Amino acid sequence: MNINTLTLTRPDDWHVHLRDGEMLAAVLPDTARQFARAIVMPNLKPPVRTTDDARAYRTRILAALPAGSVFEPLMTLYLTDQTTSTEIRAAHASGVVYAVKYYPAGATTHSELGLTDLAHAYPVFSVMQELGMPLLIHGEVTDPTVDIFDREAVFIERHLIPLMRDFPALKIVLEHITTQQAVDCVRHAPKNLAATITPHHLLYNRNALFQGGIRPHYYCLPILKRERHRLALLAAATSGNPKFFLGTDSAPHRQHDKQSTCGCAGMYSAHAAMELYAEAFDSVDALPSLEGFASHFGADFYGLPRNTASMTLIREPHTIPADITVGTDKIIPMCAGETIAWKIQG
Ligand code: NCD
Ligand code: ZN
């Protein structure tokens, strides 16, 4: 079946890094052009820890939107060892905070103030369970003795399974999953465990990091895995199972921060997110499954209404820009300078 046009309900991005200041202004139009809403990650420096922080950040995002664009940022709080149940109740009541993000301290970019021990947050989890507020998990152990390619699978065994046992009704999103083990865990768990999947983990395996030399722009966390894991993710994303939905994890960094002796983790995909997902789904003839994954299942999981507007993708080869300007620096976007097959109409 050769599909050349695909119209779907306007999608949402359930995991994005919009940053702040100059970077926010540079990247926000890309997300707002494609997505009606997005779950905005709180790993700013300093992080978004309180409802007041979230309100102020939301105001800065709305102020940075291009004129006429309709986009709703769904805010999150960054969980620390100090987060209180009172703060969580206030966040839930605010109507602007939709979830709480758990970074194991030291797991990824700007996670230094994350939780040092899950046990510290047990009072908070019990309030979230009662309120039905989703916990978004960066699921990697930080134990330096664990191989970087195994950190997600080990996290599931050591931390996620005990957490689900202790809080059986807590809504959890295992973010940006990268392994067969994560797919299996989510598939077999009760319906309060879901997962987001990024375009880069659907399109690349770990060879991309070393294609002819070291490629810092393919470095993200969790790190790209073997081909068999990529295929498991692609099967999950295209399966029509509502537990798997779209979260780009678009994570812009300045070119000089990535191309350095200790380059930052994160890939920028917001410039062509839906086009890249279309590319991935098309590779296994699964374009009809894209709408559920991109536009329905995330809203259903969060208990929010589905969008009513639509978006059309067309098969029209086009070239991705080599870079995107941010002040005096640049972002090197995913697929920079390459030609891709799908394009958003209009
Ligand atoms: C993210 C970032 O840069 O903020 N980086 C990444 O590699 N995905 C943080 C995160 O989501 O892990
Ligand atoms: Zn992220």
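Structural data are supplied above this passage.
Attention here is on the structure that accompanies the text.

Reading the values: rules and limits
Residues numbered from 1 in each chain as written. Chains lettered and ligands numbered in written order. Predicted model: local features only at pLDDT ≥ 70, side-chain atom pairs only at ≥ 80, totals over all residues. Heavy atoms only, no water. Pairing = 2+ DSSP bridges. Helix = DSSP H or I, 4+ residues; strand = E, 2+ residues; numbered from the N terminus. Axes fitted to C-alpha atoms, helices over the stretch in contact; angles between N-to-C directions. Core = buried A, V, L, I, M, F, W, Y, C linked by side-chain atoms within 4.5 Å. Buried < 20%, exposed > 50% of the residue type's maximum accessible area, 1.4 Å probe, protein only. Donors = N, O, S within 2.8 Å, 3.2 Å for Na, K, Ca; no water. Tetrahedral: all angles 85-135°; square planar, octahedral: opposite > 155°, others 65-115°. Contact = heavy atoms within 4.5 Å. Near = heavy atom within 4 Å. Polar contact = N/O pair within 3.5 Å; in protein donor to acceptor, adjacent residues only side chain to side chain. Areas by Shrake-Rupley, 256 points an atom, 1.4 Å probe, with all protein chains shown as cover.

## Quick word on the sheet that holds strand S4 (residues 72–78)
Strand order in the open sheet formed by eight strands is S2-S3-S4-S5-S6-S7-S8-S9, and the pairing between neighbours is parallel. The open sheet has two free edges, formed respectively by strand S2 (13–16) and strand S9 (244–246), since each of these has just one partner strand. Along the sheet, successive strands turn relative to each other by an average axial angle of 30°, direction set aside. Across three bridges, the pairing between strand S8 (residues 193–197) and S9 is parallel. Bridge pairing links Ile197 to Leu246 in S9.

## Observations concerning the nonpolar core
Judged by nonpolar contacts, the single largest core of 80 residues is most densely connected at Phe125, Leu135, Leu160, Met274 and Leu290. Counting residues per element, this core draws most heavily on helix H10 (residues 273–283), at six residues. Residues Val173, Phe245, Phe297 and Tyr302 belong to the second largest nonpolar core, which totals 16 residues.

## Details of the coordination of the zinc ion (ligand 2)
Of the protein atoms, only His15 (NE2), His17 (NE2) and Asp249 (OD) coordinate the zinc ion (ligand 2), at distances of 2.0 to 2.1 Å. Coordination at the zinc ion (ligand 2) is irregular: its four donor atoms span angles of 92 to 143° at the metal. Here the donor residues of the zinc ion (ligand 2) are spaced in sequence according to H-x1-H-x231-D. A residue pair is termed long-range when its members are at least 10 positions apart, and His15 in strand S2 and Asp249 in the loop between S9 and helix H9 (255–258) qualify at 234 residues.

## Examining the sheet that holds strand S13 (residues 339–344)
With antiparallel pairing, three strands are arranged side by side in an open sheet as S1-S10-S13. Both outer strands of the open sheet, strand S1 (5–9) and S13, are each paired with one neighbouring strand and no more. Ignoring strand direction, the axes of neighbouring strands in this sheet form an average angle of 30°. Of the strand pairs in this sheet, S1 and strand S10 (residues 310–319) are connected by five bridges, and their pairing is antiparallel. What sits directly across from Leu8, in S10, is Met311. Contacting S1 and S10, helix H11 (residues 290–302) crosses the sheet at an angle of about 25° to S1.

## Re the environment of Tyr219
Looking at where Tyr219 falls in the secondary structure, it is placed in the loop between helix H7 (199–203) and helix H8 (227–237). The class of Tyr219 is partly exposed, set by a relative accessible area of 23%. When the C-alpha atoms of Tyr219 and Ser289 are compared, they prove to be 28 Å apart, with 70 residues separating the residues in sequence. The residues touching Tyr219, leaving out its near neighbours within four places in the chain, are Leu209, Lys258, Gly263, Cys264, Ala265, Gly266 and Met267.

## Side note on the site of ligand 1
The environment of ligand 1 is formed by 15 residues, the closest being Arg19, Asn43, Thr108, Leu221 and Asp249. Contact between ligand 1 and His253: an oxygen atom at 2.8 Å from a side-chain N or O atom of the residue. In this structure, Ala265 approaches ligand 1 through a main-chain N or O atom, which is 3.1 Å from an oxygen atom. Protein contacts shield 100% of the accessible area of ligand 1, which totals 320 Å² for the unbound molecule.

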